[in-house]
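Residue-level structure breakdown
Residues per chain are reported as follows:
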Amino acid sequence: MEELLRRELGCGFVRATGHTGGGCISQGRSYDTDRGRVFVKVNPKAEARRMFEGEMASLTAILKTNTVKVPKPIKVLDAPGGGSVLVMEHVDMRHLSSQASKLGEQMADLHLYNQKLREKLKEEENRVGRRGEGAEPRYVNKFGFHTVTCCGFIPQVNEWQDDWPTFFARHRLQAQLDLIEKDYADREARELWSRLQVKIPDLFCGLEIVPALLHGDLWSGNVAEDDVGPIIYDPASFYGHSEFELAIALMFGGFPRSFFTAYHRKIPKAPGFDQRLLLYQLFNYLNHWNHFGREYRSPSLGTMRRLLK
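What comes next is a walk through the structure. From a predicted model like this one, the values you see are computed outputs, not experimental measurements.

Right, let's talk about the overall build of the protein for a bit. The helix and strand tally for the protein stands at nine helices and 11 strands. In terms of overall dimensions, the protein is globule-like: its C-alpha atoms have a radius of gyration of 20 Å, near the 19 Å expected for 309 residues. When the backbone C-alpha atoms are referred to their principal axes, the protein occupies close to 60 × 60 × 35 Å. The buried share of the protein, taken over its 309 residues, is 51%. Here the analysis covers contacts within the protein between residues at least 6 apart in sequence; of these, 65% occur between residues at least 24 apart. Surface accessibility of the protein: about 15,200 Å² in total, with carbon and sulfur atoms responsible for 48%.

Below, the structure written as structure tokens:
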């Protein structure tokens, strides 16, 4: 690995440190170089390059908003012996605690970023003369992303859609249920979904949804803090409904209450929030069923039943 990094990063020296990390999907290690310390994520699977390229695109998109700190991505490389590696800035991190409220504010800023670009665009259109073209960020008016991203190891279809309920039902819920049908042929899941999918549009009646850039997998294992403030990492980004982000933030350990209080000061709950939160939690239960097995069948089906009441 040291030789690969020397060659690809143009470093004079590379030396592994004692710092390691990783989760259920990939493993990582830090390296000291004459260009600074880097963190290298490694995954041996053949499809790892697609996963890491999606993560790099996600980190880059979040970084450009200048709203919340993420590790700066550097390069995706083919790993020696197969698979891929993602090289990024090394960040010293600790468990999120004192910075939870600030993270809530910054996540709201991230979710409002594209909306503010829309407001700026409208102001410019109302002025005399044409809007100048340049390298400034552009408002995104559809739901999706410019490349595939992976939530865990499952690739997500991010084809652009004008309508959020259609995008979410087709490219998130239906995609997960197709995998469950393929692997488990679960009749009850199939029957519940046939009833639920026709009710989904009702949950969004009267709601204007402006596409928001999302982290996409904002659970407690993907956030941290340093001496300056909060950090988020391991994103699976796309432009979607800001409420989607909060569903997993309430699951699998959850975040401190101060996070949600600060977030909702900037983005108040809209009517029907709690029911839509259930819908978004359903995606995460289905995704865990596909990743980790049948122990997530019961919460998946239970959430579908609650949505049908």
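Still to come is the rest of the account.
A word on the pairing of strand S3 (residues 38–43). Along S3, five of the six residues are buried, which leaves the element largely enclosed by surrounding structure. Pairing analysis gives five bridges linking strand S2 (residues 27–33) to S3, with the strands arranged antiparallel. Considered in S3, the bridge of glutamine 27 is made with valine 42. Counting the residues between successive antiparallel strands, the hairpin from S2 to S3 contains four residues, one of them, glycine 36, with a positive phi of roughly 110 degrees. Pairing between S3 and strand S5 (residues 84–89): six bridges, direction antiparallel. If you follow valine 42 over to S5, its bridge partner there is valine 85.

Take the pattern of salt bridges next. The tally for this structure, following the rule as stated, stands at 21 salt bridges. Put simply, arginine 94 and aspartate 227 hold a salt bridge, and the shortest N to O gap is 2.9 Å. Taken together, the residues span a long stretch of sequence, with arginine 94 in the loop between S5 and helix H3 (100–126) and aspartate 227 in the loop between strand S9 (223–225) and strand S10 (230–232) at a distance of 133 residues. On the accessibility criterion, arginine 94 (41% relative accessible area) is partly exposed. The exposure class of aspartate 227 is exposed, given its relative accessible area of 70%.

Right, let's get into the state of the cysteines. Counted according to the given criterion, the structure contains zero disulfides. Unpaired in terms of disulfides, cysteine 150 finds its nearest cysteine sulfur in cysteine 151, a separation of 9.0 Å.

Running from amino to carboxyl end, H3 crosses helix H7 (residues 257–266) at an angle of 35 degrees, the nearest separation of the two axes being 7 Å. Relative to H7, H3 is oriented so that their crossing is right-handed. Across from Ala100, Ser101, Leu103, Gly104, Glu105, Met107, Ala108, Asp109, His111 and Leu112 in H3, the residues of H7 making contact are Ser258, Phe259, Ala262, Tyr263, Arg265 and Lys266. Of the residues belonging to the contact of H3 with H7, the class tally is eight nonpolar, four polar and four charged.

Here we come to the environment of leucine 112. Among the secondary structure elements, leucine 112 is positioned in helix H3. When its relative accessible area of 17% is taken as the criterion, leucine 112 is described as buried. As for leucine 112 and asparagine 158, which are separated by 46 residues in sequence, their C-alpha atoms are 20 Å apart. Each residue touching leucine 112, except ones within four places of it in the same chain, is listed here: Lys266 and Ile267.

Another point: the packing of aromatic side chains. The tally for this structure, following the rule as stated, stands at 20 aromatic pairs. With 5.0 Å between their ring centres and 90 degrees between their planes, phenylalanine 168 and tyrosine 280 make a pair best called edge-to-face. Remark: tyrosine 280 occurs in helix H8 (residues 273–292) and phenylalanine 168 occurs in helix H4 (residues 164–184); sequence separation between them is 112 residues. Across this residue pair, the class does not change: phenylalanine 168 and tyrosine 280 are buried. Ring plane angle 50 degrees and centroid distance 5.5 Å describe the contact between phenylalanine 244 and phenylalanine 283, whose orientation is recorded as tilted. Within this pair, whereas phenylalanine 244 is found in helix H6 (residues 242–249), its partner phenylalanine 283 is found in helix H8, the two being separated by 39 residues in sequence. Residue class for phenylalanine 283 comes out buried when judged on its relative accessible area of 1%. Site record: aromatic cluster; members linked through ring pairs are Phe143, Trp164, Phe167, Phe168, Phe238, Phe244, Tyr280 and Phe283. Over the ring of phenylalanine 153 we find lysine 45, and its NZ or CZ is 4.7 Å from the ring centre. In this structure, arginine 172 packs its charged tip against the face of phenylalanine 238, placed 4.3 Å from the ring centre.

What counts and how
- Residues numbered from 1 in each chain as written.
- Predicted model: local features only at pLDDT ≥ 70, side-chain atom pairs only at ≥ 80, totals over all residues.
- Heavy atoms only, no water.
- Helix = DSSP H or I, 4+ residues; strand = E, 2+ residues; numbered from the N terminus.
- Rg over C-alpha atoms; globule rule 2.2 N^0.38 Å.
- Buried < 20%, exposed > 50% of the residue type's maximum accessible area, 1.4 Å probe, protein only.
- Contact = heavy atoms within 4.5 Å.
- Areas by Shrake-Rupley, 256 points an atom, 1.4 Å probe, with all protein chains shown as cover.
- Pairing = 2+ DSSP bridges.
- Salt bridge = Lys/Arg side-chain N within 4 Å of Asp/Glu carboxyl O.
- Disulfide = S-S within 2.5 Å.
- Axes fitted to C-alpha atoms, helices over the stretch in contact; angles between N-to-C directions.
- Left-handed = near helix turned anticlockwise from the far one by under 90°.
- Nonpolar A, V, L, I, M, F, W, Y, C, P; charged D, E, K, R; others polar.
- Phe/Tyr/Trp six-rings, centres within 6.5 Å; stacked < 30°, edge-to-face > 60°.
- Lys NZ or Arg CZ within 6 Å of the ring centre and 35° of its normal.

On their own, these measurements won't tell you what the molecule is for.
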